[in-house]
Amino acid sequence: MNRRDFFRLASMAGVGASMASLSGLARAATPAQLGTVPTNIGINGRVVVIGGGMGGATVAKYLRLWGGTGVSVTLVERETAYSSNILSNLVLNGQRTMTSLQFGYSNLATRYGVKLVKGDVVGIDQAGHSVALADGSRLPYDRLVVAPGVDFDIIPGLETAAAQAKVPHAWKAGPQTTQLRNMLLTMKDSERFVMTIPAKPYRCPPGPYERACVVADWLKKNGRPNAKVIVLDANPSITAEPLAFGNAFNVLYKGMVEYYPGVSINSIDASTMSLNTSLGNISGKVINAIPAHRAGKVIVDNALANVGGRWAGVDVLTYQSTAAPGIHVIGDASATTQPKAGHIANQEAKICADAIVRLLSGRSPDPSPLTNSACYSPITSDTASWLSAVFGYDQATGTMLPVPGATVEAPSRSTDNYKEMFKWFNTLMEDSFA
Ligand SMILES: Cc1cc2nc3c(=O)[nH]c(=O)nc-3n(C[C@H](O)[C@H](O)[C@H](O)COP(=O)(O)OP(=O)(O)OC[C@H]3O[C@@H](n4cnc5c(N)ncnc54)[C@H](O)[C@@H]3O)c2cc1C
């Protein structure tokens, strides 16, 4: 889609949007009510999207916005509403609740005519072009987008549900996040909160360090100045925003946060709340162990994890799988040179939507896509830092490489950054779900 197409469609979209909002529609849309979606512009096809997270919700919306009503989009999601990981560290200090981080799917249906199916995809028939749901039903597709996010390895010692319940990772926001908050509340002064960070790649590179800061700040301000936050990092050094987190650990939370790089976790004993590590045995009142990640199960189970058996290789011009034509993989599940982040999942979704619309109409994908990522990290309950980056397509390597000079970290944490963080979050979530 060239710029002229885009602006033509965007202007059509604007008219429809105001009509839809005036009528306050909340039921399944008919073509006349679709508002922002252009009527059939000669592009036709059936697209099924698996997973309604940051990537899946966005691609479903933009396929309709840019493809028009001829592109039928069905979004299959196992949950009734999306629970945002972004800002979920603020559930730990009581600034947000999980309920406040939930986003429903009704806008995608009523504003854009996306067909919603609540269900769990258990199989992909690549030859027959259909997906199988756990309830036995099947959905046919011309193009499939898979956006299931991540699943986690099991840390030795935590094989049972009972052990996992005592040592939540809370790295998929939801009940575990609230549980970790409740565990934090039980901590007494001088007790230890031990967290582990897996080796890269994992979702949200700054996220674990941000969590350590939020927890330390809460302990400091809530009568536990002698409590400790022990951070055991499998990586050789802080993987993101080293300036902000290095300063936080060494100055702001000196004596409270103890950061250990290059640590491997052999096992965890939930009955004694202790970890067997390359540094020896370490125990904690609370253990927050974030396991190693891999692409969501549906990727691994359906022969799409062709990068180390864990991630889905893709062509970043289209996000088409390098293992299966006609199937696109976006978001955390894909193996690219970009970070596994919600903002990047949103960007990949738009490049993928644009590419599918072009492919359905016999055109080539955009040969030089750009993506950007912004990430705010709370350091205390009212200050934050940020990191932003831009990636551009590099023909020689066929990958997205950082645009020189465009990866920038905030010079210092500030209250202004903290306020901007909520604006950024609201805008991103609106772009994906509203
Ligand atoms: C604590 C924390 C903080 C974070 N902070 C930030 C941040 O500040 N900025 C940022 O950019 N990113 C942040 N992230 C990362 C961000 O949340 C992820 O990168 C992003 O959610 C990835 O999007 P996705 O669409 O790939 O997967 P997800 O958003 O996880 O969505 C996957 C969806 O697929 C569904 N699904 C999976 N399998 C199936 C199936 N078989 N059938 C049906 N449905 C299925 C799931 O239910 C889920 O809704 C954070 C992550 C964490 C854990």
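None of the values given here were measured: they were computed from a predicted structure.

Focus: the domain arrangement of the chain
Next up, step 1: The domain boundaries assigned to the chain delineate domain 1 (3-151 + 294-367) and domain 2 (154-291).
Next up, step 2: Taken together, the contact pairs 18 residues of domain 1 with 20 residues of domain 2.
Next up, step 3: Roughly 1600 Å² is buried in total at the junction of domain 1 and domain 2, and carbon and sulfur atoms are behind 57% of that figure.
Next up, step 4: It is N89, L92 and K340 that lose the most area in domain 1 upon contact with domain 2, and together they represent 40% of the buried surface on that side.
Next up, step 5: In this structure, the connection of domain 1 to domain 2 is made through two salt bridges.
Next up, step 6: For the salt bridge of D151 with K172, the shortest nitrogen-to-oxygen distance reads 3.2 Å.
Next up, step 7: Scanning the region where domain 1 abuts domain 2 turns up nine residue pairs in polar contact (both at pLDDT 80 or more).
Next up, step 8: At four residues, the largest contribution of residues to the side of domain 1 that touches domain 2 is made by helix α3 (residues 89-92).
Next up, step 9: Looking at side-chain class alone, the side of domain 1 that touches domain 2 contains seven nonpolar, eight polar and three charged residues.

Some points on the site of the ligand
Next up, step 1: Taken together, 34 residues surround the ligand, and among them G55, E77, Y82, R203 and D332 come closest.
Next up, step 2: D120 places a side-chain nitrogen or oxygen 3.2 Å from a nitrogen atom of the ligand.
Next up, step 3: Within the backbone of G342, one N or O atom sits 2.9 Å away from a nitrogen atom of the ligand.
Next up, step 4: Where the shell around the ligand is concerned, the elements lending two or more residues are α2 (54-67), β2 (71-77) and α10 (342-360).
Next up, step 5: In terms of residue count, α10 provides more of the shell around the ligand than any other element does, three residues in total.
Next up, step 6: Partitioned by chemical class, the residues of the shell around the ligand number 15 nonpolar, twelve polar and seven charged.

Considering helix α6 (residues 175-185)
Next up, step 1: Looking at α6, one finds that the buried residues are T177, L180, R181, M183 and L184. Along the axis of α6, the buried positions cluster into a sector of 160°, meaning they face one direction only.
Next up, step 2: Looking at the buried positions of α6, the neighbouring elements they touch are α3, α5 (161-166), β11 (192-197), α7 (207-221) and β17 (286-289).

What to know about the packing of aromatic side chains
In this description, an aromatic ring pair is defined by two values, namely the gap between the centres and the angle between the planes.
Next up, step 1: Here the structure, examined in full by the defined rule, presents eleven aromatic pairs.
Next up, step 2: Ring centres 5.6 Å apart and planes at 40° place the aromatic pair Y209 and F245 in the tilted group. Of the two residues, Y209 sits in helix α7 while F245 sits in helix α8 (residues 242-252), which places them 36 residues apart along the sequence. In this structure, Y209 and F245 share a single accessibility class: buried.
Next up, step 3: Each ring, one from F249 and one from Y259, has its centre 5.7 Å from the other, and the planes form 35°; the classification is tilted. On the criterion of sequence distance, the pair formed by F249 in helix α8 and Y259 in strand β13 (residues 257-260) is long-range, its members being ten residues apart.

What about the packing of α7 against α8?
Next up, step 1: The interhelical angle for the contact between α7 and α8, taken along N-to-C directions, is 30°, at an axis separation of 10 Å. By the criterion of interaxial angle, the relationship of α7 to α8 is roughly parallel. You can see that α7 and α8 cross each other, and the crossing is left-handed. Judged by residue contacts, Y209, E210, A212, C213 and K220 of α7 engage F245, A248, F249 and L252 from α8.
Next up, step 2: Of the residues belonging to the contact of α7 with α8, the class tally is seven nonpolar, no polar and two charged.

Some details on the nonpolar core
Next up, step 1: With 128 residues, the main nonpolar core has I124, V131, V146 and I299 as its most contacted residues.
Next up, step 2: There are two domains that each give this core at least three residues, and those are domain 1 (3-151 + 294-367) and domain 2 (154-291).
Next up, step 3: When neighbours within four sequence positions are excluded, V146 is seen to be in contact with I50, I124, V298, I299, L304, I327, H328, V329 and I330.

A few points about unusual backbone geometry
Next up, step 1: Omega for the bond connecting K200 with P201 falls within 30 degrees of zero, at 0°, which places this linkage in the cis form.
Next up, step 2: Within the fold, P201 resides in the loop between β11 and α7.
Next up, step 3: Phi angles above zero are rare outside glycine, and S190 is one such case at about 80°.
Next up, step 4: Residue position: S190 is located in the loop between α6 and β11.
Next up, step 5: Using a relative accessible area of 51% as the deciding quantity, one classes S190 as exposed.

A few points about helix α11 (residues 415-433)
Next up, step 1: For α11, with 19 residues, the first-to-last C-alpha span of 27 Å sits near the 27 Å given by 1.5 Å per residue.
Next up, step 2: Of the residues making up α11, those classed as buried are N417, Y418, M421, W424, F425, L428, M429, D431, S432 and F433. All buried residues of α11 lie within an arc of 160° about the axis, which places them on one face of the element. Among the exposed residues of α11, those oriented more than 90 degrees off its buried face are D416, K419, K423, T427 and E430.
Next up, step 3: N-cap assignment for α11: the residue whose side-chain oxygen lies 3.4 Å from the backbone N of D416 is S414.

Some details on the sheet that holds strand β6 (residues 121-125)
Next up, step 1: Taken in spatial order, the three strands of this open sheet run β6-β7-β8, and their pairing is antiparallel. Looking along the sheet, the strands with just one partner apiece sit at the ends: β6 and β8 (138-140). Strand after strand, the sheet turns through a mean of 20° between neighbouring axes, direction not considered.
Next up, step 2: In this structure, β6 lies alongside strand β7 (residues 130-133), joined through four bridges in antiparallel fashion. In the sheet register, V121 faces β7, and the bridge partner there is L133.

Let's talk about the pattern of salt bridges
Next up, step 1: This structure, assessed with the given rule, holds eleven salt bridges.
Next up, step 2: D142 is the partner of R46 in a salt bridge, and the nearest nitrogen-oxygen pair spans 3.0 Å. Separated by 96 residues along the polypeptide, R46 in strand β1 (residues 45-50) and D142 in the loop between β8 and β9 (143-146) bring together distant segments of the chain.
Next up, step 3: On the basis of relative accessible area, R46 is assigned to the partly exposed category, the value being 36%.
Next up, step 4: Under the relative-accessibility criterion, D142 is labelled partly exposed at 32%.
Next up, step 5: Put simply, K221 and D217 hold a salt bridge, and the shortest N to O gap is 2.8 Å. Of the two residues, K221 and D217 are both situated in helix α7; the distance of four residues between them amounts to about one turn of the helix.

Conventions used here
Residues numbered from 1 in each chain as written. Predicted model: local features only at pLDDT ≥ 70, side-chain atom pairs only at ≥ 80, totals over all residues. Heavy atoms only, no water. Domains from an automatic or database assignment. Contact = heavy atoms within 4.5 Å. Buried area = accessible area lost by both parts, 1.4 Å probe. Salt bridge = Lys/Arg side-chain N within 4 Å of Asp/Glu carboxyl O. Polar contact = N/O pair within 3.5 Å; in protein donor to acceptor, adjacent residues only side chain to side chain. Helix = DSSP H or I, 4+ residues; strand = E, 2+ residues; numbered from the N terminus. Nonpolar A, V, L, I, M, F, W, Y, C, P; charged D, E, K, R; others polar. Near = heavy atom within 4 Å. Buried < 20%, exposed > 50% of the residue type's maximum accessible area, 1.4 Å probe, protein only. Arc of directions from axis to C-beta. Phe/Tyr/Trp six-rings, centres within 6.5 Å; stacked < 30°, edge-to-face > 60°. Axes fitted to C-alpha atoms, helices over the stretch in contact; angles between N-to-C directions. Parallel < 35°, antiparallel > 145°, perpendicular 65-115°, else oblique. Left-handed = near helix turned anticlockwise from the far one by under 90°. Core = buried A, V, L, I, M, F, W, Y, C linked by side-chain atoms within 4.5 Å. Expected span 1.5 Å × (residues − 1). Pairing = 2+ DSSP bridges.

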